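Here is what each chain is made of, one letter per residue.
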Amino acid sequence: MTVLDMAQVAIALLGDGSNAHGRVMSEAGAKGTLARQYFPREDFPGFTHLFYEELRNGRRVVEHGGTMMGYSCKLVLLPEPQVGFFCACNRDGETGPP
């Protein structure tokens, strides 16, 4: 997936399930993907269907990242104010240089 493709996914997730290319998922699906599904206590961060949740500077942040041989990426979404960041990079090995 390219960075521009991931931007379209982020736009759909942060909005009503659609982006510049049309409908990707239903509005309920987009909202449900970012909704808290598990949390140990109400005041603790939890997990959504695809993301883990953190609180940073009083804002809810949902994110998911991954690493595999030669590649690493992370998608970070702030549901309010509907902002997303995606970073992808090449790297040495599975976890980077020793």
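Residues numbered from 1 in each chain as written. Predicted model: local features only at pLDDT ≥ 70, side-chain atom pairs only at ≥ 80, totals over all residues. Heavy atoms only, no water.

Peer 1: I tried to follow the pattern of salt bridges on my own but got confused; where do I start?
Peer 2: Oppositely charged side chains can pair when the atoms bearing their charge come close. Applying the stated rule across the entire model yields eight salt bridges. Across the salt bridge formed by R60 and E53, the nearest N and O atoms sit 2.3 Å from each other. A single network of salt bridges, built from pairs that share partners, joins R36, E42, E53 and R60. (Salt bridge = Lys/Arg side-chain N within 4 Å of Asp/Glu carboxyl O.)

Peer 1: Honestly, the pairing of strand β3 (residues 52-56) in this entry has me stumped. Any pointers?
Peer 2: Strand residues, when the strand is regular, have side chains that alternate between the two faces of the sheet. Of the pairings in the sheet, the one linking β3 to strand β4 (residues 59-68) comprises five bridges and is antiparallel in character. For L55, the partnering residue across the bridge sits in β4 and is R60. The antiparallel hairpin formed by β3 and β4 contains two residues in its connecting segment, where N57 sits at a positive phi of about 50°. (Pairing = 2+ DSSP bridges. Helix = DSSP H or I, 4+ residues; strand = E, 2+ residues; numbered from the N terminus.)

Peer 1: Sorry, what's going on with the nonpolar core here?
Peer 2: Soluble globular proteins tend to pack their nonpolar side chains together in the buried interior. Core analysis: the biggest nonpolar cluster contains nine residues, these being M6, A10, L13, L14, L34, F51, V62, L75 and L77. Those elements that provide at least two residues to this core are α1 (3-14) and β5 (71-78). For this core, the leading source of residues is α1, giving four residues. (Core = buried A, V, L, I, M, F, W, Y, C linked by side-chain atoms within 4.5 Å. Buried < 20%, exposed > 50% of the residue type's maximum accessible area, 1.4 Å probe, protein only.)

Peer 1: Explain the environment of N19 to me, please; I cannot follow it from the model alone.
Peer 2: Note that N19 resides in strand β1 (residues 18-19). With relative accessibility at 16%, the residue N19 sits in the buried group. Each residue touching N19, except ones within four places of it in the same chain, is listed here: Q8, I11, A12 and V24. Side-chain polar atoms of N19 contact the backbone oxygen of Q8, separated by 3.1 Å. (Contact = heavy atoms within 4.5 Å. Polar contact = N/O pair within 3.5 Å; in protein donor to acceptor, adjacent residues only side chain to side chain.)

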